[in-house]
Amino acid sequence: MESETNPLEVGRNTSGEHLSCWLENRAERQYLPLIVNTKTDVVVVGGGLAGISVAYNLVNRGFSVVLLEDGFLGSGETGRTTAHLASALDDRFFSLENIFGKDNTKLIYQSHSAAIDFIEQTVRNENIDCDFKRVPGYLFAHASDTLETLDKEYNAALAAGADVEWVDEIPGMKMQPIKSLKFNNQGQFHPMKYLLGLAEAITLKGGFIYTGTHVESIDENGVTTSDGFRVDAKFIVVATNSPINSKYILPMKQYAYRTYAIGALVKKNYLPEVLWWDTGDMNVDKDTPPYHYVRTQPYNIDYDLLIVGGEDHKTGIMGNYSEIDRYANLEFWTRERFDIGEVVFRWSGQVLEPYDGMAFIGRNAGDKDNIFVITGDSGHGMTHSTIGGILVADLIAGNENEWESIYKPGRFNLKASKIFFKETIGTLLKYYKTRPDHPGSVNLASIALNDAAIVEFDGQKAGAYRDERGMLHLVSATCTHMGCTVSWNNVEKTWDCACHGSRFSVLGEVINGPANHPLDILDEETQY
Ligand code: FES
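Residue positions within a chain follow its written sequence, with the count starting from 1. Reporting of local features is limited, given that this is a predicted model, to residues whose pLDDT is at least 70; pairs of side-chain atoms are given and counted only at 80 or more, and all residues count toward the totals for whole chains, interfaces and linings. Working from all heavy atoms in the structure, the side-chain values ignore hydrogens and water.

(A) Representation of the state of the cysteines within the structure. Note that a disulfide, as used here, is simply two cysteine sulfur atoms within 2.5 Å. Summed over all chains, the structure comprises 1 disulfide. Bridging Cys484 to Cys499, the disulfide has an S-S length of 2.1 Å. With the S-S bond torsion at -90°, the cross-link from Cys484 to Cys499 turns out left-handed. With Cys484 in the loop between strand E22 (472-476) and strand E23 (487-489) and Cys499 in the loop between strand E24 (494-496) and strand E25 (503-504), this residue pair connects regions lying 15 residues apart in the sequence. Note on accessibility: Cys484 and Cys499 belong to one class, buried. Not part of a disulfide, Cys21 finds its nearest cysteine sulfur in Cys130, a span of 14 Å. Three labels apply to residues, based on accessible area from a 1.4 Å probe with only protein chains included: buried if under 20% of the type maximum, exposed if over 50%, partly exposed otherwise in between. Exposure remark for Cys21: the relative accessible area of 7% places this residue in the buried category. Runs of H or I in DSSP of at least four residues are treated as helices and runs of E of at least two as strands, each being numbered from the N terminus.

(B) Fine view of the packing of aromatic side chains. Classification of ring pairs rests on two measures: the distance between centres of Phe, Tyr or Trp rings, Trp counted by its six-membered ring, which must be within 6.5 Å, and the angle between planes, read as stacked under 30 degrees, edge-to-face over 60 and tilted in between. Within the structure shown, the criterion is met by 16 aromatic pairs. Relative to Tyr327, the ring of Tyr260 lies with its centre 5.4 Å away and its plane at 85°, an arrangement referred to as edge-to-face. Highlighted residues: Tyr260 in strand E13 (residues 254-267) and Tyr327 in helix H7 (residues 323-337), separated in sequence by 67 residues. This pair shows no difference in class: Tyr260 is buried, exactly as Tyr327 is. Relative to Trp488, the ring of Tyr465 lies with its centre 5.8 Å away and its plane at 35°, an arrangement referred to as tilted. Of this pair, Tyr465 sits in strand E21 (residues 460-466) while Trp488 is found in strand E23, placing the two residues 23 residues apart along the sequence.

(C) Seen up close, the pairing of strand E20 (residues 451-457). With respect to burial, E20 is a largely interior element, 5 of its 7 residues being buried. Here E20 pairs with E21 via 7 bridges, running antiparallel. Bridging from a neighbouring strand, Phe457 pairs with Gln460 of E21. A pair of strands is considered paired only if DSSP assigns at least 2 bridges between the two. Here E20 hands over to E21 after 2 residues, with Asp458 in that stretch at a positive phi of 55°.

Read these as layout, nothing more, since geometry by itself doesn't imply function.
What follows is the structure in structure tokens.
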């Protein structure tokens, strides 16, 4: 059932107060922290699916691997995905064709398709019980969109090699669109069960995993933890969702969005196991329309869950609806289209949208050749993480991989420059419009329990959070990435930065990069 973590614990267990339906047993996700200096072939920073996948592929090739995670395994975005395994890409094949060309769009499709195949094969090889299923996916036009979008997508998807067909009916939906596209050979699974299965395989094959271990600095010879321990390594892979070792280049080329999900009860086997997506609300944004994504998941002996995501907005910039409104909107949209019972889960996650739609995977741009990154999930976090695991392992092993140039972190594709400028300038304008300029007008005593505000404290902007016991926790409101003012995320009880998506707990700890240093603590626990 719907569960929450204490806001004072956010960052160590998960990246927000609301827990997803995947995050049950935190003990299973916990390993010992690193408390010695050590040496290895490869050090991987980040214990989500990208980091675990690359570690798994490397131990299989005989490399010694040490993986470091600052929370628990999956405490970042892997624990907050809705885990669609889709090669039907939400950036639309016709857009990708315009940006990358026909041949590369084929390669892009093949890479996502290969990622689903890889997961299927690994589940079999390692005997991982993670509810993996091959399922079809149905794409239908949002009310603000036309069939022309589907028509263009059908032709481009076929050209890319996708197994796609027109259908007149979508299984499971009350409200039937006139026509829709069916993509065969998609997939779904339980992301945390898969992640933990891979983690077990890594340690059985001689790899080392440490949790509760924050990496403070990265250099060409390895990493240093915030407890002062050193891992010397020939290769370094940074898989921290938003990379903590790219201060300017990658944060400029990808944009952070919050996305919302609900899990509602449906009678066991009442709905089919398929994926459903609409094309997104064109009235909000024609280039990156926020869309709905839906799937089922076995829950208990009586019920399945219908998991529905959407209502995206830029991190730190709420727009017309509050976080609470967005859950209500999702529920309303779902009840119109599906027979559901009680909503028993609500959570939100963070999506990084690269300017051209594809993840950044490979040698970190502007860095030493032995330092790699995996970032830019683009709403396809599970397949992009798996592609990252395959591609980076190939690059480290010195093998050629035809996907390398597509995912190269240093690329700049002129054909996507319109989105680059629109996102960069648009974000800054919205940030300056919404940031609090007069925090001095907020009275500390007016902050309610489990709520927060930006205030003026000791002559500077501060984030003030009042916990359930009435104690105030004051941190600097200046983001440690590049100095923007953070804003309050009222559902996940975190401080979020609109400029590049860094997020911090109420105690100032980093829970999303690109920032890698905590907010300054101004007053730890006080009564005002
Ligand atoms: Fe870049 Fe905050 S994330 S300034």
